[in-house]
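Residue-level structural notes
One-letter residues, chain by chain:
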Amino acid sequence: SADGKELAVFKRANRDWVKLADISPNVVDALISTEDHRFFEHHGIDFKRTASAALHTFSGDRQGGSTITQQLARNLFPDEVGRAPTLTRKIKEAITALKIEAVYTKKEILETYLNTVPFLYNAFGIEMAARTYFDKSADKLDVLESATLIGMLKGTSYYNPVQNPERAKQRRNLVLAQMAKHGKLDPARLDTLGKRPLSLEFERQVEPLGAAPHFARD
C-alpha cells in the first residue's frame, strides 16, 4: 500500500516453510526409517537399495529404489527430471541427486524435502499437513501423527486418511514397524500403538485473503 503495509502475499503453493529444528524429530525418524534408512551413509544414491529394487523388478515385484535426495530431485525439477519409468529419467534423477548432495548438507536436504512434498487439500509441506490433518504445528506432531503423514508419501490419494482411513492406518502401522526395525521406536510399543485410532482433526487450510481482497484477487 502507499503507506508501506502488506496487502497480500502471492505464493506458488499453500506452504509455510519451517526450519528442520521446528519439525518434530518423530517426523524425521519416520521419514528416514521408511523412505531411506541409509540416508546419512550415501551421497545421493543408495546403490544397495537400487540393486535390490532392480532384482525385485526383474522378478515381477516392482519396487522403488529412490533415496530421499532422488525424490527431492523429482519434486524440485518436475519438468526437467519428470517421473516417467525410463532409463533416461533415472539417469537425470541420479545426476541431479548427486549435485544436490554436493552442494547442500543432509539437514538442508531433509528440510527442503519436508517443506516441498504435497499432502492433498492444497497443503504443501509438513507444516501445512500438520495443520490440515491434526490442527497443530509440525513441531508438535507425535509418533502416530508423524507416521500417518509420512505414510501418505507412498501415495497421497491411496493413503488419504480422510477418504481411506483403514488403508491409512495400515500404512501408518507399517511406518511404525519400520521405525522399530531401525531403532527409532521401542518394539514393545508397536502392538499398543498399532491399535490406536488415527484421531484426525481435519480442516482445510484457507490461504489468507489479506487486507484488501478486492484489490488482490481477480
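Residues numbered from 1 in each chain as written. Predicted model: local features only at pLDDT ≥ 70, side-chain atom pairs only at ≥ 80, totals over all residues. Heavy atoms only, no water.

**Here's the deal with the overall build of the protein**
- The secondary structure content of the protein amounts to 10 helices and zero strands.
- Order of helices (α) and strands (β) in the protein, N terminus to C terminus: α-α-α-α-α-α-α-α-α-α.
- By the burial criterion, 43% of the 218 residues in the protein qualify as buried.
- Counted over contacts in the protein with a minimum sequence separation of 6, partners at least 24 positions apart contribute 64%.
- Summing over all exposed atoms, the protein offers an accessible surface of approximately 12500 Å²; the carbon and sulfur share of this is 54%. (Helix = DSSP H or I, 4+ residues; strand = E, 2+ residues; numbered from the N terminus. Buried < 20%, exposed > 50% of the residue type's maximum accessible area, 1.4 Å probe, protein only. Contact = heavy atoms within 4.5 Å. Areas by Shrake-Rupley, 256 points an atom, 1.4 Å probe, with all protein chains shown as cover.)

**Some remarks on the nonpolar core**
- Ranked by internal contacts, the top residues of the largest apolar core, which has 42 residues, are L114, F119, I126 and L149.
- For this core, the secondary-structure elements that each account for two or more residues are α1 (25–35), α3 (68–76), α5 (106–116), α6 (126–134), α7 (143–152) and α8 (165–181). (Core = buried A, V, L, I, M, F, W, Y, C linked by side-chain atoms within 4.5 Å.)

**Considering the pattern of salt bridges**
- Scanning the model with the defined rule gives 10 salt bridges in all.
- Residues E93 and R74 are paired through a salt bridge, measuring 2.6 Å at the closest nitrogen-oxygen approach. Of the two residues, E93 is situated in helix α4 (residues 87–103) and R74 in helix α3; the sequence distance between them amounts to 19 residues. Pair check on accessibility: E93 and R74 agree, each one buried.
- Two residues, K140 and D139, come together in a salt bridge whose shortest N-O distance is 3.2 Å.
- Under the relative-accessibility criterion, K140 is labelled exposed at 53%.
- Judged by its relative accessible area of 37%, D139 is partly exposed.
- The network of salt bridges with common partners includes R74, R89, K90 and E93. (Salt bridge = Lys/Arg side-chain N within 4 Å of Asp/Glu carboxyl O.)

**Side note on unusual backbone geometry**
- Positive phi, close to 50°, is recorded for Y121, a residue that is not glycine.
- For Y121, the location among the structural elements is in the loop between α5 and α6.
- Y121 gets classed as buried once you look at its relative accessible area, which sits at 17%.
- Backbone geometry places N122, a non-glycine residue, at a positive phi of 60°.
- As for its placement among the helices and strands, N122 is situated in the loop between α5 and α6.

**Examining the side chain of Q70**
- Positionally, Q70 belongs in helix α3.
- Polar side-chain contacts of Q70 include one of 3.1 Å to the side chain of E93.
- Aside from chain neighbours lying at most four places away, what touches Q70 is G44, I45, G65, K90, E93, A94 and A97. (Polar contact = N/O pair within 3.5 Å; in protein donor to acceptor, adjacent residues only side chain to side chain.)

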